[in-house]
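Take a look at the letters that make up each chain.
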Amino acid sequence: MASGGGWKGLWVVTVAAVALTVLATTHVWNPFPQIWSWITTSGPVAPGTRWQQSLGGTPQSVAIAGDAVIVEYRTSVEAYGMTAAVKLWSSDADWAAVAGKGPNAVVVTGRLLTKGYQVLDPSTGAVRRADTVASAVWTYQDAIVDLSCSGGDDCRLTAWDPRAGTQLWSVGTGSIGFVLDAANPDLPDTRRLVSGSVDDDVAGPPVLPGLIGLPHDGEIRVIDTATGRLVQTVRPAKDQRVAVVGGRVLTVTGTARDGTCYYGVVGGSPSGEVVWQRDGLNLRTADNGSACEQDQDPAGGYNVVLGVDPYGREVLINGYDGRNLWYGDKESTVLAVNDTYAVIRKGQSIRGFSFAKDKNVWRQDDRADAGAALTPYAAVVASKGRVTALGLTSGSVRADVRTDAKVFAVGPDGMILVAGRDMAYLPFA
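Bear in mind the structure is a predicted one, so any value in this text is a computation, not a measurement. Here, residues in each chain are numbered from 1, in the same order as that chain's written sequence. Local features in this predicted model are restricted to residues of pLDDT 70 or higher, and side-chain atom pairs are both shown and tallied only at a pLDDT of 80 or more, whereas totals for entire chains, interfaces and linings draw on every residue. As a convention, hydrogens and water are excluded, and side-chain values are obtained from all of the structure's heavy atoms.

A. The arrangement of the overall build of the protein chain in detail. A helix here means a DSSP run of H or I that spans at least four residues, while a strand means a run of E at least two residues long, and both kinds are numbered starting from the N terminus. Looking only at helices and strands, the protein chain has two helices and 37 strands in total. Think of it in three bands: with a 1.4 Å probe and only protein chains considered, a residue is buried below 20% of the maximum accessible area for its type, exposed above 50%, and partly exposed in between. Burial status across the protein chain gives 49% buried among its 429 residues. We call two residues in contact whenever any of their non-hydrogen atoms come within 4.5 Å of each other. A sequence separation of at least 24 residues applies to 42% of the contacts in the protein chain between residues at least 6 apart. Accessibility throughout is a Shrake-Rupley quantity obtained with a 1.4 Å probe, and a residue counts as covered only by protein chains that appear here. Total accessible area computed for the protein chain in this model is approximately 20100 Å², and 50% of it derives from carbon and sulfur atoms.

B. Examining the sheet that holds strand β31 (residues 371–374) more closely. Across the sheet, four strands lie side by side as β31-β32-β33-β34; this open sheet has antiparallel pairing. With one partner strand each, in any of the chains shown, β31 and β34 (397–401) form the two edges of the open sheet. Each strand axis lies, on average, 10° off the axis of its neighbour in the sheet, ignoring direction. At least two DSSP bridges between two strands are required for those strands to pair. The convention used is that axes are lines fitted to C-alpha atoms, helices contributing only their stretch in contact, and that angles between N-to-C directions extend from 0 to 180 degrees.

C. Representation of the state of the cysteines within the structure. The definition used for a disulfide is geometric: two cysteine sulfur atoms within 2.5 Å. Going through the model one piece at a time under the given rule, you end up with two disulfides. In this model C149 forms its disulfide with C155; the gap between the sulfur atoms is 2.0 Å. Disulfide C149 to C155: torsion about the S-S bond roughly 110°, handedness right-handed. Disulfide partners in the protein chain, listed by the sequence order of the bonded cysteines, are 1-2, 3-4.

D. Representation of the pairing of strand β13 (residues 167–174). Sheet topology note: the strand β12 (residues 154–160)/β13 ladder contains six bridges and is antiparallel. The partner of T158 across the bridge, within β13, is S170. If you look at the hairpin formed by β12 and β13, you'll find six residues sitting between the two strands, and G165 has a positive phi there, around 80°.

E. Expanded view of the confidence of the model for the protein chain. Across the protein chain, pLDDT averages 88, with 89% of residues at or above 70. Confidence scores here are pLDDT values: one per residue, from the predictor, ranging 0 to 100. Throughout residues 1–41 the model reports pLDDT below 50, and contacts reaching past four residues in sequence, or to other chains, amount to 18 contacts.

F. Examining the nonpolar core more closely. Nonpolar core, defined: a set of buried Ala, Val, Leu, Ile, Met, Phe, Trp, Tyr and Cys residues in which side-chain atoms within 4.5 Å join the residues together. Ranked by size, the top nonpolar core spans 20 residues in total, and within it V380, V387, V407, V410, M415, L417 and F428 carry the most contacts. Elements supplying a minimum of two residues to this core: β32 (379–383), β33 (386–390), β34, β35 (406–410), β36 (414–419) and β37 (422–427). Residues within four places of V380 in sequence aside, it is in contact with V198, G371, A372, A373, V387, T388, V407 and V410. Of all hydrophobic cores here, the second largest spans 19 residues; its members include Y140, L157, I176 and L208.

G. Local environment of the sheet that holds strand β23 (residues 299–301). The five strands are arranged β15-β23-β24-β25-β26 in an open sheet whose pairing can be described as mixed. In the strand order of this sheet, the two ends are held by β15 (191–192) and β26 (324–327), each with one partner. Examined bridge by bridge, strand β24 (residues 304–308) and strand β25 (residues 314–318) share five bridges and lie antiparallel to one another. Along β25, the bridge assignment pairs L306 with L316.

H. Region of interest: the pattern of salt bridges. For this document, the term salt bridge refers to a Lys or Arg side-chain nitrogen within 4 Å of an Asp or Glu carboxyl oxygen. Going through the model one piece at a time under the given rule, you end up with 12 salt bridges. Among the ionic pairs, E219 bridges to R235, the shortest N-O distance being 3.3 Å. Here E219 is found in strand β17 (residues 219–224), whereas its partner R235 is found in the loop between β18 (229–234) and β19 (240–245), with 16 residues between them in sequence. On the basis of relative accessible area, R235 is assigned to the exposed category, the value being 52%. In the salt-bridge network here, residues are joined through shared partners; they are D121, R128 and R163.

I. Seen up close, the side chain of T139. Turning to its location among the elements, T139 is positioned in strand β10 (residues 134–139). Pairs of N or O atoms are called polar contacts if they sit within 3.5 Å, as long as, within protein, a hydrogen donor faces a hydrogen acceptor (for residues adjacent in sequence, only side-chain-to-side-chain pairs). A polar contact of 3.4 Å, which involves the side chain of T139, links it to the backbone oxygen of V98. If we skip the residues at most four places from it in the chain, T139 touches A97, V98, A99, V108, N184, P205 and P206.

J. Representation of the packing of aromatic side chains in the model. Pairing of aromatic rings covers Phe, Tyr and Trp, the last through its six-membered ring, and needs centres within 6.5 Å; plane angles under 30 degrees mean stacked, over 60 mean edge-to-face, and all others mean tilted. Tallying each qualifying case throughout the model produces two aromatic pairs. Each ring, one from W51 and one from Y425, has its centre 6.1 Å from the other, and the planes form 20°; the classification is stacked. One end of the pair, W51, is in strand β1 (residues 51–54); the other, Y425, is in strand β37, with 374 residues separating them in the sequence. Comparing W51 with Y425 shows no difference in burial state: the two are buried. The rule for a charge over a ring is simple: NZ of Lys or CZ of Arg within 6 Å of the ring centre, and within 35 degrees of the ring normal. Lying across the ring of W160, R129 places its NZ or CZ 4.2 Å from the centre.

K. Inspection of unusual backbone geometry at higher detail. Positive phi, normally seen in glycine, also occurs at D358, with a value near 55°. Note that D358 resides in the loop between β29 (349–354) and β30 (359–364). A positive phi angle, close to 55°, is found at D366, a residue other than glycine. For D366, the location among the structural elements is in the loop between β30 and β31.

L. Summary view of the environment of D146. Here D146 is to be found in strand β11 (residues 144–151). Overall, D146 belongs to the buried group, its relative accessible area being 2%.

M. Broad picture of the pairing of strand β6 (residues 95–99). Extensive coverage of β6 is indicated by the burial of five of its five residues. Both faces of β6 are covered, namely the face carrying W95, A97 and A99 and the face carrying A96 and V98. Alignment of β6 against strand β7 (residues 106–110), held across five bridges, turns out to be antiparallel. Counterpart to W95 in the pairing with β7 is G110.

Quick look at the structure:
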């Protein structure tokens, strides 16, 4: 006897054959709409969801913007209402990103290889502001920052209020070239730690950092975002890598000697003065066996960087003043971090560590294979087959479901899960 899946597959073939026969004789397609609907209906993404919506394709990204859910595809973007997944609008676009926060959120869209972008209202899709000259855009909770070049040596970085659309500041950066384009191109800062069945952008847009570094032709142009000024131009040596983190310019030096790499880190002020320095601190800017060639940014999140001491112990460091925020043992591994908390695995358990309290504030046992992410509204612990959302300060369980779906976005009252082409909203308890 055929299994349930094989039996259903046999029905698909049978119904398709009958439909083709009817089409040939009556020119009427799909004579059995109820049967066809039953065949193509997906199962539930997770128990306890408020709604589930079938999408027109596999999403590139999903984000929460105010009362709307923004779904980005390869060549289009569309919005759904948070309450009942009613489709609000759709638009042709090659990329999309959310800026602002809560009721002040907006959607920024654009086309590849085409200058300019549009700022859309997330609920209606109406154009609030349009730009025709920018080549790259970065989205933050409190600003939209764009880069425009009228000539090879005449580029400007400009910051805008996300919702109001007013200009906050603008600064000339000199030549930048064409290496930066579209939405949120990579800058020399930290590689955000996210692991498990969680999207890289689950936390939403960050706050505009105090300093931004713009890379060009081996140099880093450092911009003070409070005043909109170019404050420093750094050209790292061959054995160095520069990252702009926590209002400091971090210079990581890796020297190959005696068959190993010797590291040192210097944290400098915007004016170039040394604020702190650490010898023997590996920020994992070079792959093992790469002859100390540093080809990636340090791991961490926002103003915090993740390092490894000469004894193999991980350490979390405040990028502004070089203080140790957490010092682990050889069995502990950092899974996620932001300015306030870290999620750390040790053995079979995963723990939430508060920098302010200098102690663990929650713990999940029997989660050895799980990954984690930190968002403004919850810590997410996710493994294949299970997703848990926990309160940041106490570890109170806000949601705990059996699902193979991926967590794409977390809001104040719930999170968006996606499995294949199905999207669902899981409210917090």
